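# Geometric and topological summary
Take a look at the letters that make up each chain.
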Amino acid sequence: MLNYTELEHDGYWNVKGGMYKITETIVDILKKRGVRFHFNTEIVGVETVGENISAFIDQNDRKWTSELYISNSDAASFRGIVMGRKSHTAQKLDAMKWTLAPFTIYLGVKGKPDNLIHHNYFLGSNFKEYADTIFTSTQSPEKPYYYVNVSSKSNPASAPEGCENLFILCPVPDLRHKTDWSDAKSLAETIITDLSARIGYDLKANTLTQTILTPIDWEKQFNLYRGSGLGLAHGLSQVGGFRPSNKDEVFSNLYYVGASTTPGTGLPMVVISSKLVTERIQKEHGTL
Ligand SMILES: Cc1cc2nc3c(=O)[nH]c(=O)nc-3n(C[C@H](O)[C@H](O)[C@H](O)COP(=O)(O)OP(=O)(O)OC[C@H]3O[C@@H](n4cnc5c(N)ncnc54)[C@H](O)[C@@H]3O)c2cc1C
C-alpha cells in the first residue's frame, strides 16, 4: 500500500468537496439561527412527570430539560431501549422487519480506472437465491454482490488530482444473524480482489487510504438497531398507521423524527418526516 498520510490526516477523501459539505453548511445555518449543538451526548433514559417528559438523561447522567422533546434516534428501538416499553422489548424489535445491514469500504485510489462510472453494481447470476439467503445468513457472503459509488467521476473535487474516491457498499446480514465481524478484512479483500478483476485495475496496489465499517461500527456510531442501515423496512405491516408514530403514545411533549417513524426511510422520506413533525408540533403546541 502506498503512503499517503498527508491526505489521510487532512481528511481530504471524506470532507473536501464531498457530501459532508451539506452537513457543514446546515450546521452553519442553524448556528446562525441560534441552535446550539452538544456532541458526544447519548440519551440513555428519561424522567417523567405525569403525562410529560421532564428530562432526557445522557450517558454521564446529565439531565436535559425542555418543554418539548424530539428524538431523532430510531423511533422503534428508542421506545424499547431508552423508554423501556414492553411493546418494544428486544424480542419484539428483533421480530420486526429491518432493512439491510451495510458493510462499507471507503477507498482512496491512485489513478483513474476506466471501467467505473459514478454508480456501478456488481452482481452475479443467481440474484434471487442470493437475495433470499444473504440477509439471514450467519456467514459473510463468499461471492458478494456490491455497489460502488465513485463520486469523483462526477465531482473531481472529491479526490486529489489523478486519484479516485470509491465507496463500496455490500449488503450483509445484520447483527441478529451475524454478530462476529472479525472477518471484516478478509471480506474487504475478497471484494477488492473481485472488483479489481472485473474492472481490470489493481486497486490493492493503488490504494492510498482505506476505511472499513461493519454493521457493528454502524450500530455504534449511529445507534442503528442491530446495524440495520436504513431502519425499519417498508413491509405492509410497517407503513402508515402501522409504523411507529411521530408522536409518543404516552407523553404529550415527546415526538419522533427520522427513518423509523412516518413516512419512512431514506433521505427524501426523512426530510418529509421532519416537515410532518414540525407541522404536528405547531398544530398541537402552537410553537417551533
Ligand atoms: C451505508 C448507507 C447508505 C445509505 N444510502 C442511502 C442512499 O443512497 N439514499 C438514501 O436516501 N438513503 C440512504 N441511506 C439511508 C439514510 O442515510 C437514512 O435513512 C437517513 O440518514 C436516516 O436519517 P435519520 O435522521 O433518521 O437518522 P440518522 O441519519 O442516523 O441520524 C440520527 C442521529 O441521531 C443520533 N442518535 C441516535 N440515537 C441517539 C441517542 N440515544 N442519543 C443521542 N443521539 C442519538 C445518531 O448518532 C445520529 O447522528 C443509507 C444509509 C446507510 C447506512
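Treat the numbers as computed from the prediction; the structure is a model and nothing was measured.

Once that is clear, we can look at helix α7 (residues 184-199). Between the first and last C-alpha of α7 there are 22 Å, a value that for 16 residues agrees with the 22 Å anticipated at 1.5 Å per step. Buried residues in α7 make contact with β5 (101-110), β6 (119-122), β7 (146-150), β8 (163-172) and β9 (207-213). Just beyond α7, the residue with positive phi is Gly-200, at close to 65°.

Before going further, it helps to examine the site of the ligand. Taken together, 19 residues lie around the ligand, and Ile-43, Asn-72, Ser-73, Ala-259 and Leu-267 are the ones closest in. One of the backbone nitrogen or oxygen atoms of Gly-266 is found 3.0 Å away from an oxygen atom of the ligand. A distance of 2.8 Å separates an oxygen atom of the ligand from a polar backbone atom of Leu-267. Notes on the ligand: free accessible area 990 Å², of which the protein chains cover 67%. For the shell around the ligand, the elements supplying multiple residues, two or more each, are α8 (215-222) and α9 (267-285). Tallied by class, residues from the shell around the ligand come to nine nonpolar, nine polar and one charged. Two domains each provide a minimum of three residues to the shell around the ligand, namely domain 1 (5-17 + 100-226) and domain 2 (38-96 + 230-285).

What follows covers a nonpolar patch on the surface. Residues Tyr-121, Leu-123 and Phe-127 make up a contiguous nonpolar surface patch of roughly 350 Å² in combined accessible area. A residue is classified by how much of its surface remains accessible, and Tyr-121, at 60% relative accessible area, is exposed.

Take the domain arrangement of the protein chain next. Each domain of the protein chain was delimited in the assignment, giving domain 1 (5-17 + 100-226) and domain 2 (38-96 + 230-285). Spacing between the C-alpha centres of domain 1 and domain 2 amounts to 31 Å. Domain 1 puts five residues into the contact, and the matching count from domain 2 is nine residues. Roughly 620 Å² is buried in total at the junction of domain 1 and domain 2, and carbon and sulfur atoms are behind 43% of that figure.

The rules behind these values
Residues numbered from 1 in each chain as written. Predicted model: local features only at pLDDT ≥ 70, side-chain atom pairs only at ≥ 80, totals over all residues. Heavy atoms only, no water. Helix = DSSP H or I, 4+ residues; strand = E, 2+ residues; numbered from the N terminus. Expected span 1.5 Å × (residues − 1). Contact = heavy atoms within 4.5 Å. Near = heavy atom within 4 Å. Polar contact = N/O pair within 3.5 Å; in protein donor to acceptor, adjacent residues only side chain to side chain. Areas by Shrake-Rupley, 256 points an atom, 1.4 Å probe, with all protein chains shown as cover. Nonpolar A, V, L, I, M, F, W, Y, C, P; charged D, E, K, R; others polar. Domains from an automatic or database assignment. Patch = residues over 30% accessible without salt bridge, like charges linked within 9 Å, V, L, I, M, F, W, Y side chains within 5 Å. Salt bridge = Lys/Arg side-chain N within 4 Å of Asp/Glu carboxyl O. Buried < 20%, exposed > 50% of the residue type's maximum accessible area, 1.4 Å probe, protein only. Buried area = accessible area lost by both parts, 1.4 Å probe.

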